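Below, each chain spelled out in residue letters.
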Amino acid sequence: MGIRMNGVMNGITNGEYQAILQISDEYFGKLKRGLPVDVRLLIDRYVSEQNALGSRYEMLAYLLGFSSCKAMFLEKCLPPEVKEMITE
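The rules behind the values
- Residues numbered from 1 in each chain as written.
- Predicted model: local features only at pLDDT ≥ 70, side-chain atom pairs only at ≥ 80, totals over all residues.
- Heavy atoms only, no water.
- Helix = DSSP H or I, 4+ residues; strand = E, 2+ residues; numbered from the N terminus.
- Buried < 20%, exposed > 50% of the residue type's maximum accessible area, 1.4 Å probe, protein only.
- Areas by Shrake-Rupley, 256 points an atom, 1.4 Å probe, with all protein chains shown as cover.
- Phe/Tyr/Trp six-rings, centres within 6.5 Å; stacked < 30°, edge-to-face > 60°.
- Patch = residues over 30% accessible without salt bridge, like charges linked within 9 Å, V, L, I, M, F, W, Y side chains within 5 Å.
- Salt bridge = Lys/Arg side-chain N within 4 Å of Asp/Glu carboxyl O.
- 1 Å grid on protein atoms, 1.4 Å probe; cavity = no way out; pocket = protein on both sides within 12 Å on 5 of 7 lines; lining within 4 Å.
- Points joined across faces, edges and corners; volume = space filled by probe spheres on them.
- Nonpolar A, V, L, I, M, F, W, Y, C, P; charged D, E, K, R; others polar.
- pLDDT = per-residue confidence, 0-100.

**A short note on the overall build of the protein**
Working step 1: Within the protein one finds three helices and zero strands.
Working step 2: Listing every helix and strand of the protein by position from the N terminus yields α-α-α.
Working step 3: Going through the 88 residues of the protein one by one, you find that 1% of them count as buried.
Working step 4: On the protein, roughly 8,200 Å² of surface is accessible, and the fraction owed to carbon and sulfur atoms is 64%.

Encoded structure:
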């Protein structure tokens with residue numbers, strides 16, 4: 001898992017992730033200078049909930065896709081006698 005996360009994922013996301021992070025930091029700086037603390041906190045809570053919503057949706061979509069791949073793999077690769085054992 002460490003190799004996948006630290007090697008493969010960093011290679012895939014590093015440039016795009018860093019660009020998004022930089023833009024996000026710029027927006028945060030503008031908000032911090034221009035808005036009172038209570039308004040910033042309200043915006044932070046809203047954005048956090050929206051992120052949680054997106055995260056949950058992505059996780060469910062991933063699980064659905066994985067279960068479809070699993071079903072397809074089992075259907076195509078298992079001998080008939082093993083398929084019978086699984087469906088019983």
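There's plenty left to go through after this.
**Quick look at the packing of aromatic side chains**
Working step 1: According to the stated counting rule, one finds one aromatic pair in the structure shown.
Working step 2: Seen from their ring centres, Tyr 62 and Phe 66 are 6.3 Å apart, and the 20° between their planes marks the pair as stacked. Here Phe 66 and Tyr 62 lie together in helix H2 (residues 37-77), a separation of four residues that amounts to about one turn.

**Considering a nonpolar patch on the surface**
Working step 1: Side chains of Leu 31, Val 39, Ile 43, Tyr 46 and Val 47 sit close together on the surface and give an oily, nonpolar patch of about 390 Å² of accessible area.
Working step 2: Of all the elements, H2 adds the most residues to the nonpolar patch, at four residues.

**Notes on the layout of surface pockets**
Working step 1: Within this model, the largest pocket holds a volume of roughly 360 Å³.
Working step 2: What lines the largest pocket is Ser 24, Tyr 27, Phe 28, Leu 31, Val 37, Arg 40, Leu 41, Ile 43, Asp 44, Val 47, Ser 48 and Asn 51.
Working step 3: A per-element tally of the lining of the largest pocket places H2 first, with eight residues.
Working step 4: Considered class by class, the residues forming the lining of the largest pocket number seven nonpolar, three polar and two charged.

**Here we look at the confidence of the model for the protein**
Working step 1: When pLDDT is averaged along the protein, the result is 82, and 85% of the positions lie at 70 or above.
Working step 2: Within the protein, no element has a lower average pLDDT than helix H3 (residues 80-87), which sits at 71, and none a higher one than H2, at 88.

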